[in-house]
Each structure stands twice: as structure tokens, then as C-alpha cells.
Amino acid sequence: MATTASRTIAALAAVGALTLSLAGCVTGSQDRSSSTPTAGGSTGEIAKDHSGTVRIIMESVNDTDVIESLIPEFNKEYPNISIDIDSMVYDQMRDKIVASVQSPEPAYDLFATDNPWFTDFSQAGFLQPLDERIAATPDFDNADYFQPLLDITTVDGVQYGVPYMNYAVGYVYRKDVFADAGLEVPGTLDELVTTVKSLTKDGKYGIALQPQRGYKIMEEWVGWLFAAGGSVYDAEGNASLDTPEAHKALEAYIDVFNNAAPKNSLNWMFDDAQRSVASGDSASLISYNFALPLLNEEGGISGDRAGEFTLVPMIGGKSVLGSWSWSIPTNSGDPDAAWAFVSWLGSKDVDAQRVIAGGSPVRESTLEREDVLTEGYGADYLNAIKAMLANSDQISHGANSEEMIQAVGTELNEAVAGTKSVDQALKDANAAIIRIQGE
Amino acid sequence: MTSDKKFGVLMITPLVVVLIAAVGYPVATSLNLSVTDFTLTSKNVQNIGMENYAAAFSDTPFWEALWTTTAYTVLAVSIELILGIAIAAALVKQKRWVNITRSVLISPMFIAPIAVGLMFRFLLNGQSGAISKTLAALGIDHDFFGSGNVLYTLVGMDVWQWTPFMVLLMLAGMLSMPTAPLEAARVDGAGALYRLRRVLLPMLRPTITVALVLRALDAMRVFEYVFATTKGGPGTESVTVQYFIYQRGIQFFDLGYASALAFIVLAIVAVIVLVFARRVVRQHG
Amino acid sequence: MVEQRFSRILRSTWIAAGILTIVLPMMWIVIASLKSPADLTDATKIAFTPTGENWANALASGLPAALLRSLIVGVVVVAVSLVVGVPGAYALARYGVGGTPLGFVLLMAQVLPPAVLVFPFLRLSHLLKTNGTIAALIPAHISFVLPVVVWLLIGFFASVPVSIEEQARIDGKSRLGAFWSVVIPHVRPGIGAACVFGFSLSWNDMFYSLILVPGSAQTLPLTIAGFNTFRGIELGTMSAAILLASIPMLIATFFIQKHLVQGLGGNGVKY
């Protein structure tokens, strides 16, 4: 026995020594060249005969389909640039992007970048600054993008992204159910609570919530926080979740979860809540603005309830804002071709064409155009989005947003589950923000 | 060196070479990372010695995740073993429809865990899930993903998918056993329970040990079910070690620290295996 | 007599319960794959007009290509594992080369989380110039398939009596010849069982495919996870995809289960 044990230890030691020496060679290549912007000379207007390939990573959502459908138009102008969209579900995107930037040869030349990633990615040197390109591109009206969307793409005064899709979160409800009950759209948080409670009867629910741990509850509840007059950070940028407004918002949320939301929905996320309203079980939900066309689609998930849904900004007026923007990775194989595509797609006429085809609005001027308002998803929907963009904020600012959102979202979920008091959960959430993002 | 030994070394060399490339290299790299402050977003990497390991010891959520994983593994593997023996014992005596029955009973282990996770996510959904709806019609109100229940739900998925593994191994073990001792006990008038405890189980023991070791190590790696259903919630109730290390190392970029956590887990499991399954390991060498 | 009959009924009921537990969830998947989006919102609805749209969508979604990729990766990984694993396991079992420590390392290789190994594997794929292709997955899959295969094989080889090998040597066969023509036939069912296990491990893996290959080269499990989108509910297509991914394995199970039971039995899995 003793010999076996000592042999085992000896062998493990040998393996350990071997692995360490191996690791020595391995980690020699760890110093990453921080930035090698290949862009030199004219960075703005890309020659029409430029030839190359742009591999793009995007989320598989409707907007991606719309953009994909515009590629033939793009190729009329740039016949030698081939666009190769790799679309996948959200959960997989960030991992793949991080893998691509860790690689000497990138897998992608252009990223769709979500708003919480900007600070981390730009500070890590993953993204190329775009200011020069933007300035050097004729007729590229950067200031025309909605300001909150530009703010998202700008870190320390440098712009790293060009917006192409917003997913501001609003209130979606059934017009017919509200009309039958003689109810108006609630104007305040208190009214929201009483309205959805009064709609909860006979096996139907007033609202389908999405309290899943992490991202989901955070994205939903911060809207309630805004409605209660609170905010995630105070004017100085410090964490402000341990406030009376936050208490009120979380208590209202829990009240509604227990009394006006489907039973056993503690783990629900986007699709569960959407299915609940689509099936007619729930009368409303708080969701991304693009949920509306999905719910109202003829022959879609809502069956004969299609067309009965409508969208308004989050109750109380201030909406949670998320957005996707184009950004060019530092190690992009062909940044010029990537910019050719981004700047072409962002030009005003193409942008209008994109929104008419069902894409998400990001430019102010696009929403002024007659053809957009009449041909697309309709003026009501687009004007609701316009109102949402005008008064909105992200759920997290600055570095380590992913970790912050997961941590705060876990505390909120515990309060809803009843495993933590509202008081304790908010204290812990506030402490988590300070720990993760600094004072 | 005897020529026998020489031949043995020759035969094992390719295996060792491939193991060094496919296991040694990544393990060495991450072992090296575990003593650095490497993050996926950092530009300068510094050696910080044992700091990551020291920090891990006061990382309560990590130890909670390890505890959750342990409870999950012990619960799932014991249920699977008991069910596996019971089902295999019934299958041994079965005469008709043998092939189709056995194929169905072992089939779940060949479905991707992510598919199993997603399937149960929809079947067990609080309102619209077919199982929940059926239970509700019977007057049973159960939140499968609610606080206090979620771990059992995940264990249930594991049992659904992996009891077949136990059935397969136990069945193979039983069929390869000599039948004489069981017959003798029966002739002597021994009761069913006696035959099980004193004859069947002792004879099956080698198979059981191997099955337990393989299954337990695999159950500890549970990731897909959590990824597909709860993302670790409610609160942190269903955060398993694999999910915790994934979040820390990849989602929060903290790969150096996550590597240290991985090696702590490795050390703990190694000690457990050396203490409890020493014989299995020795006989396999 | 009565007691025997009673126990037979009990046994059949027990087996039937097991089968139902396995088949009912699968049936639901089959039904879901035939429902239209609107019908899917009511999970327990039985009366509906079946649609083939989900299956058409799943077939058009790149799933068949992903299936092929998973198949290629699985076959290559199992082949490599056998080529190096069979002689290695034999040397371990017959001559004790490597001894307990190697057996232990093989076991422990399965403990480390993919999350910390995946970036080293990513770097390895760049060193080997396999990045961006399914070849990048092969070393990663070997890292968890090979140890299990070898571990199972050691048991099988250990159960072959040394005497039959010695007899072959006396008959004038070389060591390699005796191994090839006498020992291998004895453990062939066991090798088959190890193949099936190894293949299913590779076939089922999602995590490495998530990081190591771009979406255009992803394997089956990730394609299935890919229907869980923010686009809305693609429950029907996902159900069809799950079935498409599982059916080949289920058919294979029917044909190989007898050999599996045989291979793992016959004093195969022992210590």
C-alpha cells in the first residue's frame, strides 16, 4: 500500500513538473499586442472596388434577417466585398466574441456589440476607435443617431460603435382586454399595480413577469425602479439601490409577482412570458419593443389574438434601454471592408429602407420620413419607440457590467423568491455594485 | 528491462503522447494561469503566486456551489443506482420483447444533455408546461423551478437521462454472473431480500463500484441542464461548480482565478477518490 | 404458481412504468414538432392539424450539416482513442506499464471543468492551424473521451486469461501477433461498447463547440440550443431538431444494445 501511495505521489509530482515546464513555453506568448489598427490613410470612404470578406457575428433575431436581406443591395455598390453573417443565440455570442479576440487569427471581422460590453471591450483593446472613420466618411450623419444610443457606444470620449438596433423595453398590453375591463393604460407605478391586479381573475393574469435570476429580472425591474423615481446610480455615478425608491419598486414588483402574475413563474424569461401573453393567459408584459411585431404577426404565435397587442413606453415614462451596435475588432481581418458595410448600412436612405423592412429605428431622421411611417410597422409603433428612446437609460454603466448585472439580478431574484428580505437584498445589491464597479 | 516490459512500453507510448498533447497541454496551461492574475480583458499578466488559491478559500459562493454539486451528485447517483439495479433485475428475467424494451430503456443516455435540459424546461414550465398542466388538472400545484425545489428537479433530469447507464451496466453485470449461487440460495429457501443482500449485491459489487465512480465523476460536471433551465437560480440555489467556474472564468473574464478554483475541485475529488475508491484505481493500473 | 404469476405481473408493471417515464416526454416532443406556433402555446392540446413546417424548418436550418459535423468529429475522436487506447490499455492491464498513477491520471482527467481548459484548447487550435474548423474540437473531445475509453478497456483486457496468450506464444506467435490474433478477438465486444460510450460523449458535448468553432462550423447540440432565441418561440422547430438529432442514436441503440450488454458483461466491467 505504502509503495502504491508513494508511487502515485512520485508520478503526480513528475506530471506536475512536466506540466509546469510545458506551461512555461505556452504562456510565453501571453503578451498581447494591445492594438494594431491596420487602418492607415483614408479610413472613411472605402473604394467601391475594394475586395474582401466581412465575417459578422450577430444575434439570431428579426433585425438580423432584415439586414441579411439587404446584402444584395450592398453588393451592387461593393461587388467584391462578400458579407458572411454568422447568427446565433444571445447566450453564445459573447463567448464566441471573446474567443475571437483572444485568437491570433480572428473568427470575425465585425461584431454586433451589446451595450453592456462596450466599456470592457474597449478598455481591453478589443475594439477599434471609429471617430476618424466617421469624420472621414462623407455624408455620414453621426449626430442623427439618437443621443442615448451614441452615449452607449462612446467610452471616455471615444466612439467605438455605430448603432443599428435598439431594444428599449416598453409595456405591451392587450387592447381588447383593457377595453373590455374599462381600463386605461396605467400612468404610474401604483396604477400599474392596481390595474394588473384587477385583471387577475378566472385563471387569467394581469401581467407576465420575467423574474429569472440575473439578466432577465434586472432588465425588467429597473423599469419599475425608474417608475418609482429611482435609478441604479445617483447623479455622481455611485450605486443607489439602497434607497426608498428602490424599496418601493421592489415591494411593488413582489406584490405583483405574488398577486397578478402567473403562478410558479419564478424562473421565467423572455419566451415564457411572451408565450403566456400570446396564449391569452396574461394581459400584458414588459418587454423589448420588437416583441410587439412578433405578437401581432398574422399566423404567428398569438393565433387569433394577433393584432390586439400594442406598445407604450414603460409605465412612468422612462424605459430601460439596450442597443446593438457595429464595432470593428482590433484584430479584424479586413476593417476597411467592415467599415464599407457599416457606413453603407448606416447611410440615411438605406437606414430608412431597413426600418421599412422591419428593422429597428436608430436614426432620428428616419422616423421623420413619410414612407417609413406609412410602410413599416406603422406610425403608432415607431412613435412609441421614439418616445422610449427620448427618455431611457441602461441598466448598468461602466466596466464589469456583466458581473454587476448578474450579481444584482441574483439579489433581486432572491427577494422575489422570498429567500431574502427586500431590505437585505437591496443592501447586498448595492454593496455588490460597489464591489464590482467601484465607488 | 525485460523484453516483456519493453513491449509494454512500446504499446503504451502512443497513448502517453496523445494524453500529454490533449490533456497535459491544456492542464499545464491552466495550471500556469491559476498562479497569475490573467483575465480575458487584461493586457499585462503577472505572476501572483498562490493569491488566487488563498482568495478561493474565503469565496463563499464557490463553496456553496461545490456543496450544491455534491448534494446533486450524491442524490442523483444513489437514486440512479437503486433504480438501475431494480430495473436490471426485472429485465434479466424478461422473456418477451427483450430487444425493444432494452433499447427504449437505455435510449435517454444517447440524447444530448442540452436537448434534455431544454425539453424539461418546457415540460415543467410553471404555466404552459405539459407536465405542470397535467399536475394542475389533478389539483397538484408544484413549482419545479421554485426555491427549495429546483435542485430536486435537476436531479430528476439527471435520473431520467442517466438511470439507463446504470441499467445497462447492472444488466451486463447480472447476465455475466454465474447463476449457480442464486439458484442454490433459492433452493435453500432463502427469501428475496436475503438473496438480494447476501448473494446478488456482493457478486455485483465490482460492477457497482466502477459504475459509481464513472457516473459520479460525470454527474459532477453537470452544466447543460443549468445552462438550459435556471441559469443558477432562484438566487444561487442551482449554481453548480461547472456553472460557477464558467461564469467566473468566461462571462466575468476572470480565467486565472477560475483556473485556481478548478484545481481546488480537482484536488478535493482526487483525495476522495484516493480514499474511497483506492482499490478501483489500483486495480486499473 | 400464484406467487410466480404475481411476481411476473409486478415485474411487467415495473418495466412498463420505466418505459412510460422515458417515452412520454419524448412523445410530447414528437407532438410539439407537428404543431403550428399558435397550437404550441397550448401544451396539452391534443386535437390540432399537424404541420410539417417545423420539420422543413429544421431540415433547412443547417441541422443536417451540423449532424454530419458531429458524426465526423465523433468518428475521428473514437478512432484516435481506439488506435492509441487499445494498445495502451492492454499494456496497462497485461504488463502494468504506467501502473496505478496512470490509471489515476486517466480518472482525474475527467474532473477538470471544460471552462478552464477551453482557452488552452483554443490556443492549441491556432498552433495546429485547425482554428475555425471542426478539427479544433478533436483534441478537446479526445481529452474526455480517451480516458473513459481506456478505463473501460483496461477492465476488458484484465479479464482475458493470460494462459491463452501464452499458448499462442508457444505456438510461435510474436507478442504483437498474439495480441492481435488472440487477445483482441476476446475483447472485441468490449471494444464495441467502449466505442459507443466514447462516441456518445463526443456527440453530446456542447461546451467546447460553443467556444472553439464559429457558428458556421458548430456541432449538433449547439444547433439545438440555437432555437432558444429572442426571436420568439421556435419550440416546434427545436422539437423537430431534437428528434432529428436523437433518432439516429435511437436507431443505433436498437441494433447495438445486445452487443453493448454483452461487451460490458462477460466480466468486462470489473476491478
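Before reading on, note that the structure itself is shown above.
### Describing the overall build of chain C
In terms of regular secondary structure, chain C is built from 12 helices and zero strands. Counting helices and strands in the order they occur from the N terminus, chain C gives α-α-α-α-α-α-α-α-α-α-α-α. Seen along its three principal axes, the alpha-carbon backbone of chain C occupies a region of about 75 × 70 × 30 Å. Within the span of chain C, comprising 271 residues, buried residues form 59% of the whole. About 10300 Å² of surface is accessible on chain C, with carbon and sulfur atoms providing 68% of the total. Separation between the mean location of the 16 positive side-chain charges and that of the 9 negative ones in chain C comes to 7 Å.

### A few points about the interface of chain C and chain B
Many analyses report the size of an interface as the accessible area lost when the parts associate. Across the boundary between the two partners, chain C contributes 93 residues, which contact 97 residues of chain B. For the salt bridge of Arg 175 of chain C with Asp 4 of chain B, the shortest nitrogen-to-oxygen distance reads 2.7 Å. Applying the counting criterion to the chain C and chain B interface returns seven residue pairs in polar contact (both at pLDDT 80 or more). Among the elements that take part in the side of chain C that touches chain B, helix H12 (residues 235–264) of chain C stands out by supplying 13 residues, more than any other. Grouping the amino acids of the side of chain C that touches chain B by side-chain chemistry returns 66 nonpolar, 21 polar and six charged.

### Quick notes on the packing of aromatic side chains
Counted according to the given criterion, the structure contains 44 aromatic pairs over all chains. A ring pair is formed by Phe 223 of chain B and Phe 227 of chain B, whose centres lie 5.4 Å apart and whose planes are at 25 degrees; its orientation type is stacked. On the basis of relative accessible area, Phe 227 of chain B is assigned to the buried category, the value being 8%. One residue, Lys 318 of chain A, lies across the ring of Phe 226 of chain A, its end atom 4.4 Å from the ring centre. Looking at Arg 221 of chain B, its charged tip hangs above the ring of Phe 144 of chain C, at a distance of 5.6 Å from the centre.

### Considering the interface of chain B and chain A
At the interface, 48 residues of chain B touch 46 residues of chain A. Linking chain B with chain A are five salt bridges. Two residues, Asp 91 of chain A and Lys 231 of chain B, come together in a salt bridge whose shortest N-O distance is 2.7 Å. Scanning the region where chain B abuts chain A turns up 16 residue pairs in polar contact (both at pLDDT 80 or more). Where the side of chain B that touches chain A is concerned, the elements lending two or more residues are helix H1 (3–33), helix H5 (113–123), helix H11 (241–251) and helix H13 (278–283) of chain B. For the side of chain B that touches chain A, the leading source of residues is H1 of chain B, giving eight residues.

Parameters and conventions
- Residues numbered from 1 in each chain as written.
- Chains lettered and ligands numbered in written order.
- Predicted model: local features only at pLDDT ≥ 70, side-chain atom pairs only at ≥ 80, totals over all residues.
- Heavy atoms only, no water.
- Helix = DSSP H or I, 4+ residues; strand = E, 2+ residues; numbered from the N terminus.
- Buried < 20%, exposed > 50% of the residue type's maximum accessible area, 1.4 Å probe, protein only.
- Areas by Shrake-Rupley, 256 points an atom, 1.4 Å probe, with all protein chains shown as cover.
- Lys, Arg positive; Asp, Glu negative; His and termini not counted.
- Charge placed at Lys NZ, Arg CZ, Asp CG, Glu CD.
- Contact = heavy atoms within 4.5 Å.
- Salt bridge = Lys/Arg side-chain N within 4 Å of Asp/Glu carboxyl O.
- Polar contact = N/O pair within 3.5 Å; in protein donor to acceptor, adjacent residues only side chain to side chain.
- Nonpolar A, V, L, I, M, F, W, Y, C, P; charged D, E, K, R; others polar.
- Phe/Tyr/Trp six-rings, centres within 6.5 Å; stacked < 30°, edge-to-face > 60°.
- Lys NZ or Arg CZ within 6 Å of the ring centre and 35° of its normal.

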